[in-house]
Amino acid sequence: MTLPPYAELLGLIIEPAKAGPPLLMMPFATGVMGRPGFLHGGAIGGLLEMAAIASLQHALAAEEGEGSARIKPINVTVDYMRGGREKETRAQGIVTRLGNRVANVEAHAWQDDRDRPIASARMNYLIVRG
């Protein structure tokens, strides 16, 4: 799986998953820090977008094989629920609808407890099938 170059800037690591879409981990570093002791909201949003892209790539590969479709973002909506602290942050995307031309994806980011997300996002992507 190939993530966009922005994933490297955020320091994202793809963690092994038993099944389903990839799980991304963003380590805390000064490059993703906002106000002292907290993650920058843009870094959280970027993590969510990368998790959504990873899950959509995973779903497309399962359907068509690797690299046969390109995706283009249509819109992104991020809901911030609590401040991200100085610790590892994980995110995973879920494809809620995979159509012929459009995909709907949700992504959730959390730190200590997956059931207490720090942010979530809803994204729509245009699928250009090759």
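Just so you know, these numbers come straight off a predicted model, no measurement behind them.

Colleague: Outline the packing of aromatic side chains, listing residues and values.
Modeller: Inspection of the entire model under this criterion finds 0 aromatic pairs. Sitting over the face of the ring of Phe-38, Arg-35 holds its NZ or CZ atom 3.7 Å from the ring centroid.

Colleague: How would you sum up the environment of Pro-21? Please name residues and give values.
Modeller: Along the chain, the position of Pro-21 falls in the loop between strand S1 (13-15) and strand S2 (23-26). Between the alpha carbons of Pro-21 and Gly-45 there is a distance of 18 Å; along the sequence they are 24 residues apart. Setting aside residues no more than four positions away along its own chain, Pro-21 makes contact with Ser-55, His-58, Gln-92 and Gly-93.

Colleague: Lay out the pattern of salt bridges in plain terms, naming residues and giving numbers.
Modeller: Counting across every chain of the model gives 5 salt bridges. A salt bridge links Arg-129 to Glu-63, with the nearest nitrogen and oxygen atoms 2.8 Å apart. With Arg-129 in strand S6 (residues 119-129) and Glu-63 in helix H2 (residues 41-64), this residue pair connects regions lying 66 residues apart in the sequence. The partner of Asp-112 in a salt bridge is Lys-87, with the nearest N and O atoms 2.7 Å apart. In this pair, Asp-112 sits in the loop between strand S5 (102-110) and S6 while Lys-87 sits in the loop between strand S3 (69-80) and strand S4 (89-98), placing the two residues 25 residues apart along the sequence.

Procedures and definitions
Counting starts from 1 at the beginning of each chain's written sequence and moves along it residue by residue. The predicted origin of the model limits local features to residues at a pLDDT of at least 70 and limits the giving and counting of side-chain atom pairs to 80 or more, whereas totals for whole chains, interfaces and linings rest on all residues. Remark: hydrogens and water are excluded; side-chain values derive from all non-hydrogen atoms of the structure. When two rings of Phe, Tyr or Trp (its six-membered ring) have centres within 6.5 Å they constitute a pair, described as stacked for plane angles under 30 degrees, edge-to-face for angles over 60, and tilted for the intermediate range. Here, a charge over a ring is recorded when the distance from Lys NZ or Arg CZ to the ring centre is within 6 Å and its angle to the ring normal is within 35 degrees. Labels follow the DSSP assignment, with helices taken as runs of H or I lasting at least four residues and strands as runs of E lasting at least two, numbered in each case from the N terminus. By the convention used here, residues are in contact when the closest approach between their heavy atoms is within 4.5 Å. A side-chain nitrogen of Lys or Arg and a carboxyl oxygen of Asp or Glu constitute a salt bridge if their distance falls within 4 Å.

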